There are 2 protein chains.
Amino acid sequence: MSSPTKYLLSEDRIPKAWYNLRADLPFDLPPVLHPGTKQPVGPDDLAPLFPMALIEQEVSKEQYIEIPEPVLEVLKLWRPTPMFRAHQLENALDTPAKIYYKYEGVSPSGSHKPNTAVPQAYYNQLAGTKRIATETGAGQWGSSLAFACGKFGIELKVYMVKVSYQQKPYRRNLMETWGATVVPSPSPDTEAGRNILAKDPDCTGSLGIAISEAVNDAVTAKVPTKYALGSVLEHVLLHQSVIGLETVEQLALANAQPDVVVGCIGGGSNFAGFAYPFLRDKLKSGGQGPRVVAIEPAAAPSLTRGVYAYDFGDTAQLTPLMKMYTLGHDFVPEPIHAGGLRYHGMASSICELYRNKLIEARAVPQLATFEAGVLFARSEGILPAPEAAHAVRGAIDEALKCKAEGVSRTIVFNLCGHGHFDLSAYERYLSGSIADHDLPQAVLDRAKTTLPAMA
Amino acid sequence: MSSPTKYLLSEDRIPKAWYNLRADLPFDLPPVLHPGTKQPVGPDDLAPLFPMALIEQEVSKEQYIEIPEPVLEVLKLWRPTPMFRAHQLENALDTPAKIYYKYEGVSPSGSHKPNTAVPQAYYNQLAGTKRIATETGAGQWGSSLAFACGKFGIELKVYMVKVSYQQKPYRRNLMETWGATVVPSPSPDTEAGRNILAKDPDCTGSLGIAISEAVNDAVTAKVPTKYALGSVLEHVLLHQSVIGLETVEQLALANAQPDVVVGCIGGGSNFAGFAYPFLRDKLKSGGQGPRVVAIEPAAAPSLTRGVYAYDFGDTAQLTPLMKMYTLGHDFVPEPIHAGGLRYHGMASSICELYRNKLIEARAVPQLATFEAGVLFARSEGILPAPEAAHAVRGAIDEALKCKAEGVSRTIVFNLCGHGHFDLSAYERYLSGSIADHDLPQAVLDRAKTTLPAMA
């Protein structure tokens, strides 16, 4: 084997600015609307929840936004992350394709989430925030923010969906080790939680309820408290652009020109962070460049089977209205193990890219993703998180297409996290306890009836 | 902060040869004896268990032994591993010391163990071995060998101590995901296991029993089967030398001259792999060089409280006799969470270095190691395995000594693995459920009465 396996960048090659695709888009994003007035929200509407620096980034059209030095200092603990050539996977597939993958699992919490948790904690510290309230499902986001808040001396309260709190103690323990306070949601600590517990003391919680509690906490707390979100919003996507910026440089090191760019997609942040720098170059060259493919779970197929409409970002209807491909804000996906992809909607800029055919999307069933994850673990050694296994599946399918067509293409995908905290899911897969279920159109149609009426 | 945080080596800087300290020692190691004849064992005695290439490495006095290309190809998946300057830990301790750490947790199984699992699997493949039998306690070694055997197409059967098999499903799932067969030990699959189950059907197992089963399996199996060990033996220590060889080079990159070298110690392989290249340079310069400090658990203090004598390597008295500092082969340490350090004896070369005052040793209680682990996780971000937290404790104590004395020294330690599979241990620590226990001298004295009588 002559070509190298691993492409590293030295610490001084960490990106010094985030890339903002919005500056290069040939269209603008639809405005975010106030749920009461149906008028575009302004900075003041968001100020109780986020520091102004993040609100400005949310709507910025600057092409590059400088990464503050204290943020860079923390990112340098694990960035730049490695890019690998998947020689062993190529051999296992017997494909003429060249496969590369960027690996975000080397971060302290094991995923891409700290890329945005760190700047969010930093801007909050700068704005005088003493405390942050957030929600978490399986704990990827909560643990990343716990790490980041620890770095900037901010207290963190995490409302963790009760069923995950009980069934997945490892990520909870990780948050606590990093100094966060974690409570099962619904909790008696907020009015939102108390209302739900009064009606249903045995409620096992949901992400929608946990968001309600965190928002409720942020706006009513006595110490200066803000709220933080780990995906969907444009400032979150912006912070993730370090992934793709590094990958573009690493592919140049490898003398490789990508033909296909693949990422998994839930709320959109790891996909956007990985893909947008490639789209920048594609837009610049008048559309010449790689195909960009988003892989979503068949259990939550917002891009491929959702409707394009204004909808709430959360189940409890507390957020502003966003125009997006949505399955309906009270759609509850099957409890697939890729918890990070179980979202009914999608980040606004991704929806506009899809609508304008600048990116493609495919939905894949769960079993096929675990099959891909195990093949990847056995060939490349790294155990993918169930979310990341969706991207592996997408890349494998592209490589098998190359084999069938007898052509060599260069495929690059984002392995957004490791599966060290998801081994019980792999056990269920290996013991044959996971089955795929159809998602009947009637279920989707029913969920869509809850879309808010627009004037 | 001006100096960098992370010191990376490019893929072509991976060591091309293992370093063998034995070539440079001013004394020879005591012979390993046959338990029956009390005569030195020869290669033929070991041939049923190990391929000849490993037996030759076990007694080699060559200074450098070339690493085969197919082994390098696999090691390159994660090697060279990073070395970090622990700026944040230094700040947290307010110490004038400079602290560096080498990080082995980036390997597929999350520890240093694959450094030897990969060459062991390779030499077995070369010798025509179709199948390997091994034992594992908590699963660090078993998962590393599962990964390595997968790479070289060798079938693996792991006898996992039953209590770990039941309580720690994550590492078992990892082994299975990589394609190994795992059974709880004692098992009905071997004569050794059946004998024990006949006497005590509820036996929860021990490392000693699991070793007996794996050895029993290897010598009686119908397909060509060998046995493999993850520490203690000299060829294992040899393979780990890549850790220290890289660190020496990385410290040169950082323009740093170490004053103190710290590692944790159980059977000795991660400590030796890290420290021996530093000792090479120290021996060369006539004793000028860093202090080298081994940190062992107070629950299994073989160097600091053991007796120097010939003893068995295992509880079941199946191995040859080795001259070492031992607590007695039937000494059962407290069930501390650093399972990888719960060993009654110590690798031969380490014992001779200690006896000749070329290295120091300190025993630390468990609570102090978790305190260090949490401080490290909160400052540097990486969650140390409980074993690695012993090295963190040692480094912190040296840094605090610098602070008390008002002097700046350069401390480097080996962070041999992450704690992603040990979070329940951290939870127990954080909830106050872990206590330290004295190890009365009478217990040690009693265990030593089981040492074999020597002619």
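Remember, predicted model here, so these are calculated numbers, not experimental data. (Residues numbered from 1 in each chain as written. Chains lettered and ligands numbered in written order. Predicted model: local features only at pLDDT ≥ 70, side-chain atom pairs only at ≥ 80, totals over all residues. Heavy atoms only, no water.)

### Thoughts on the nonpolar core
Thought 1: In terms of nonpolar packing, the biggest core is built from 210 residues, with Ile350 of chain A together with Ile350 of chain B touching the most fellow members.
Thought 2: Look past the residues within four positions of Ile350 of chain B in its chain and what remains in contact with it is Leu237, Ile265, Gly268, Phe271, Ala272, Tyr276, Leu303 and Ile359 of chain B. (Core = buried A, V, L, I, M, F, W, Y, C linked by side-chain atoms within 4.5 Å. Buried < 20%, exposed > 50% of the residue type's maximum accessible area, 1.4 Å probe, protein only. Contact = heavy atoms within 4.5 Å.)

### What to know about helix H6 (residues 140-151) of chain B
Helical periodicity: at 3.6 residues per turn, an α-helix aligns residues three or four positions apart in one direction.
Residues and elements named next belong to chain B.
Thought 1: Here H6 spans 17 Å end to end across 12 residues, near enough to the 16 Å set by a 1.5 Å rise per residue.
Thought 2: Within H6, 11 of the 12 residues are buried, which leaves it mostly tucked inside the rest of the structure.
Thought 3: Every buried residue of H6 is accounted for by Gln140, Trp141, Gly142, Ser143, Ser144, Leu145, Ala146, Phe147, Ala148, Cys149 and Lys151.
Thought 4: Just downstream of H6 lies Gly153, where phi reads positive at about 65°. (Helix = DSSP H or I, 4+ residues; strand = E, 2+ residues; numbered from the N terminus. Expected span 1.5 Å × (residues − 1).)

### A closer look at empty space enclosed by the protein
Thought 1: Overall, the coordinates contain 5 cavities of 30 Å³ or more when judged by the stated rule.
Thought 2: Put simply, the largest cavity is a space of about 620 Å³.
Thought 3: The wall of the largest cavity is formed by 38 residues, among which Tyr103 and Val106 of chain A together with Pro82, Tyr103 and Val106 of chain B lie closest to the centre.
Thought 4: The calculated volume of the second largest cavity comes to roughly 120 Å³.
Thought 5: The set of elements that each furnish at least two residues to the lining of the second largest cavity consists of helix H2 (52-59) and helix H11 (234-239) of chain A.
Thought 6: Take the lining of the second largest cavity: its biggest share by element is 3 residues, from H11 of chain A. (1 Å grid on protein atoms, 1.4 Å probe; cavity = no way out; pocket = protein on both sides within 12 Å on 5 of 7 lines; lining within 4 Å. Points joined across faces, edges and corners; volume = space filled by probe spheres on them.)

### Concerning the side chain of Ser111 of chain A
Thought 1: Positionally, Ser111 of chain A belongs in the loop between strand S5 (98-103) and helix H5 (114-126).
Thought 2: Within the structure, Ser111 of chain A has its side chain in polar contact with the backbone nitrogen of Lys113 of chain A (distance 3.1 Å). (Polar contact = N/O pair within 3.5 Å; in protein donor to acceptor, adjacent residues only side chain to side chain.)

### Observations concerning the state of the cysteines
Residues and elements named next belong to chain B.
Thought 1: According to the stated counting rule, one finds 0 disulfides over all chains in the structure shown.
Thought 2: Summary of cysteine pairing: Cys264 is not part of a disulfide, and the nearest cysteine sulfur, belonging to Cys416, is at 3.9 Å.
Thought 3: Overall, Cys264 belongs to the buried group, its relative accessible area being 1%. (Disulfide = S-S within 2.5 Å.)

### Brief notes about the relation of the copies chain A and chain B
Thought 1: If you rotate chain A by 180° and push it 0.0 Å along the axis, it lands on chain B with an RMSD of 0.0 Å. A rotation of that kind, with that shift, is consistent with a two-fold axis. Closest approach to the rotation axis within chain A is made by the C-alpha atom of His420 of chain A, at a distance of 3.3 Å.
Thought 2: A share of 100% of the interface residues of chain A reappears at the interface of chain B, consistent with the copies meeting face to face through the same patch. (Least-squares fit on C-alpha atoms with pLDDT ≥ 70 in both.)

### Some words on the packing of helix H12 (residues 241-253) of chain B against helix H13 (residues 269-284) of chain B
Residues and elements named next belong to chain B.
Thought 1: Where H12 contacts H13, the axes come no closer than 6 Å and their chain directions differ by 50°. Considered as vectors, H12 and H13 are oriented oblique to each other. Every pair of crossing elements has a handedness; the one defined by H12 and H13 is right-handed. Taken together, the residues of H13 that come into contact with H12 (itself represented by Ser241, Ile243, Gly244, Leu245, Thr247, Val248 and Leu251) are Asn270, Gly273, Phe274, Pro277, Phe278, Arg280 and Asp281.
Thought 2: Among the residues making up the contact of H12 with H13, the classes are represented as 7 nonpolar, 5 polar and 2 charged. (Axes fitted to C-alpha atoms, helices over the stretch in contact; angles between N-to-C directions. Parallel < 35°, antiparallel > 145°, perpendicular 65-115°, else oblique. Left-handed = near helix turned anticlockwise from the far one by under 90°. Nonpolar A, V, L, I, M, F, W, Y, C, P; charged D, E, K, R; others polar.)

### Details of the sheet that holds strand S8 (residues 181-185) of chain A
Residue and element names in this part refer to chain A.
Thought 1: Pairing is parallel across the open sheet formed by 4 strands, whose spatial order is S8-S7-S6-S9. Because the sheet does not close on itself, it has two edges, and the strands there are S8 and strand S9 (225-227). Going across the sheet, the axis of each strand differs from the next one's by a mean of 25°, ignoring polarity.
Thought 2: Pairing of strand S6 (residues 131-136) with strand S7 (residues 155-161) involves 6 bridges; the strand directions are parallel. (Pairing = 2+ DSSP bridges.)

### Thoughts on the packing of helix H16 (residues 366-380) of chain A against helix H17 (residues 386-405) of chain A
All names here are of chain A.
Thought 1: The contact between H16 and H17 brings their axes to 8 Å, and the two run at 85°. Taken together, H16 and H17 sit at an angle that is classed as roughly perpendicular. In contact with Ala368, Thr369, Phe370, Glu371, Ala372, Gly373, Leu375 and Phe376 of H16, H17 contributes Pro386, Ala389, His390, Val392, Arg393 and Ile396.
Thought 2: A class-by-class count of the residues in the contact of H16 with H17 yields 9 nonpolar, 3 polar and 2 charged.

### A short note on the interface of chain A and chain B
Thought 1: Contacts between the two partners involve 41 residues from chain A and, on the opposite side, 41 residues from chain B.
Thought 2: Applying the counting criterion to the chain A and chain B interface returns 2 salt bridges.
Thought 3: Between Arg172 of chain B and Glu427 of chain A there is a salt bridge, with the nearest N and O atoms lying 3.3 Å from each other.
Thought 4: Between chain A and chain B we count 23 residue pairs in polar contact (both at pLDDT 80 or more) in total.
Thought 5: Among the elements of the structure, helix H6 (140-151), helix H8 (169-177), H16 and helix H18 (423-430) of chain A are those that each provide at least two residues to the side of chain A that touches chain B. (Salt bridge = Lys/Arg side-chain N within 4 Å of Asp/Glu carboxyl O.)

### Digging into the side chain of Glu234 of chain A
Residues and elements named next belong to chain A.
Thought 1: Looking at the secondary structure, you find Glu234 in helix H11.
Thought 2: For the buried residue Glu234, which engages in no salt bridge, the nearest side chain bearing the opposite charge is Arg22, 5.3 Å off.
Thought 3: Here Ser349 takes part through its side chain, which lies 2.9 Å from a polar atom of the side chain of Glu234.
Thought 4: Those residues in contact with Glu234 that lie beyond four places of it in its chain are Arg22, Leu29, Glu58, Ala347, Ser348 and Ser349. (Lys, Arg positive; Asp, Glu negative; His and termini not counted.)

### What to know about helix H9 (residues 191-199) of chain A
Residue and element names in this part refer to chain A.
Thought 1: By the burial criterion, the buried members of H9 are Ala192, Gly193 and Leu197. Viewed along the axis of H9, the buried residues span an arc of 125°, placing them on a single side of the element. Set apart from the buried face of H9 by more than 90 degrees, the exposed residues are Glu191, Ala198 and Lys199.
Thought 2: Buried-residue contacts for H9 involve helix H7 (162-167) and helix H10 (207-220). (Arc of directions from axis to C-beta.)

### So, the confidence of the model for chain A
Thought 1: Looking at chain A as a whole, the pLDDT averages 94, with 99% of positions reaching at least 70.
Thought 2: For this predicted complex, the interface score ipTM comes out at 0.88, alongside a pTM of 0.92. (pLDDT = per-residue confidence, 0-100.)

### A word on the sheet that holds strand S10 (residues 260-264) of chain A
Residue and element names in this part refer to chain A.
Thought 1: Strand order in the open sheet made by the 7 strands is S1-S4-S5-S15-S10-S11-S14, with mixed pairing throughout. The outermost strands of the open sheet, each flanked by one partner alone, are strand S1 (6-7) and strand S14 (360-364).
Thought 2: Together, S1, strand S4 (83-85), S5 and strand S15 (410-415) form the strand contacts of helix H12 (residues 241-253), whose direction differs from that of S5 by roughly 140°.

### Remarks on the environment of Leu279 of chain B
Residue and element names in this part refer to chain B.
Thought 1: By secondary structure assignment, the location of Leu279 is in helix H13.
Thought 2: By relative accessible area, which is 3% here, Leu279 ends up buried.
Thought 3: When the C-alpha positions of Leu279 and Arg291 are compared, they lie 9.2 Å apart, and in sequence the two are 12 residues distant.

### Focus: the packing of aromatic side chains
Aromatic rings in a pair are described by how distant their centres are and how their planes are angled relative to each other.
Thought 1: On inspection of all chains with the given rule, the structure shows 33 aromatic pairs over all chains.
Thought 2: Ring geometry for Tyr170 of chain A and Tyr170 of chain B: centres 5.1 Å apart, planes at 50°, overall tilted. In this pair, Tyr170 of chain A is assigned in helix H8 and Tyr170 of chain B in helix H8 (residues 169-177), connecting two distinct chains.
Thought 3: Since its relative accessible area comes to 16%, Tyr170 of chain A is described here as buried.
Thought 4: An aromatic cluster is defined as three or more aromatic residues linked by ring pairs; in this entry it consists of Phe84, Tyr101, Phe376 and Phe413 of chain A.
Thought 5: For Arg172 of chain B, the ring lying beneath its charged end belongs to Tyr165 of chain B, and the centroid distance is 4.2 Å.
Thought 6: Over the face of the ring belonging to Tyr19 of chain B we find Arg280 of chain B, whose NZ or CZ atom lies 5.3 Å from the ring centre. (Phe/Tyr/Trp six-rings, centres within 6.5 Å; stacked < 30°, edge-to-face > 60°. Lys NZ or Arg CZ within 6 Å of the ring centre and 35° of its normal.)

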